[in-house]
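Observations on the three-dimensional arrangement
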Amino acid sequence: MINIASIQGEIGPSFHIYEGTERSSPLHYTFEKWGMVGMTKYLANYYGEYGIRVNCISPGGIDHGQPETILSNYKKHTPLNRMAEPLDIKGPIVFMASEASRYITGHNLLVDGGWTSW
């Protein structure tokens, strides 16, 4: 099983990326993403004895046409200097679904261009 959460399930929101816009990150989003990461760990422990692996992928921001102000603010805080593109998430999903990750369970894989490495 592969769940999709967000880096906000690991570190919480960074409100500064929304400065200069009318957007923000709502409380329920972080609550849901922390819950997804926790549920992943719970299910990994619950189903592990049956050989069922449960992992989570937590992307950073994904570029889908946000205002330039948000994109610019976001880029300043990632070592790769950009938001993710949908293709950046596919490889980690394929890896987690393959036998290459057969001894990984209960893991939250951060796919964030280095956002959480600061």
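Structure's up top.
Being a predicted model, the structure only gives us computed values, none of them experimental.

A look at the pairing of strand β2 (residues 55-59)
Burial analysis of β2 places five of its five residues in the buried class, the great majority of the element. In β2, alternate side chains face the same way, and those of Asn55, Ile57 and Pro59 on one face and Cys56 and Ser58 on the other are all buried. For strand β1 (residues 2-4) and β2, the ladder comprises three bridges, and the chain directions are parallel. Following the sheet pairing, Ile4 is matched in β2 by Ile57. Here β2 runs beside strand β3 (residues 108-111); their pairing, made up of four bridges, is parallel. Its bridge partner lying in β3, Pro59 is registered against Val111.

A word on helix α1 (residues 27-47)
With 21 residues, α1 should cover 30 Å at 1.5 Å per step; its first-to-last C-alpha distance of 30 Å lies within 8% of that length. Among the structural elements, β1, β2 and β3 are those in contact with the buried residues of α1.

Details of the nonpolar core
Ranked by size, the top nonpolar core spans eight residues in total: Ile7, Ile17, Tyr18, Ile70, Leu71, Tyr74, Met83 and Trp115. Those residues in contact with Ile17 that lie beyond four places of it in its chain are Thr69, Ile70, Asn73, Tyr74 and Trp115. With five residues, the next largest nonpolar core counts Ile57, Ile89, Met96 and Val111 among its residues.

Focus: the pattern of salt bridges
Going through the model one piece at a time under the given rule, you end up with one salt bridge. A salt bridge links Asp88 to Arg82, with the nearest nitrogen and oxygen atoms 2.7 Å apart. For Asp88, a relative accessible area of 27% gives the class partly exposed. Arg82 sits in the partly exposed class, given a relative accessible area of 32%.

Some points on the side chain of Asp112
Here Asp112 lies in the segment after β3. The buried charged residue Asp112 lacks any salt bridge, with Arg82 as its nearest oppositely charged partner at 11 Å. Here the side chain of Asp112 touches Gly114 through a polar contact of 3.0 Å, landing on its backbone nitrogen. Non-local contacts of Asp112, meaning those with residues more than four positions away in its chain, are made with Ile7, Gly60, Tyr74 and Thr78.

Rules behind the numbers
- Residues numbered from 1 in each chain as written.
- Predicted model: local features only at pLDDT ≥ 70, side-chain atom pairs only at ≥ 80, totals over all residues.
- Heavy atoms only, no water.
- Buried < 20%, exposed > 50% of the residue type's maximum accessible area, 1.4 Å probe, protein only.
- Helix = DSSP H or I, 4+ residues; strand = E, 2+ residues; numbered from the N terminus.
- Pairing = 2+ DSSP bridges.
- Expected span 1.5 Å × (residues − 1).
- Contact = heavy atoms within 4.5 Å.
- Core = buried A, V, L, I, M, F, W, Y, C linked by side-chain atoms within 4.5 Å.
- Salt bridge = Lys/Arg side-chain N within 4 Å of Asp/Glu carboxyl O.
- Lys, Arg positive; Asp, Glu negative; His and termini not counted.
- Polar contact = N/O pair within 3.5 Å; in protein donor to acceptor, adjacent residues only side chain to side chain.

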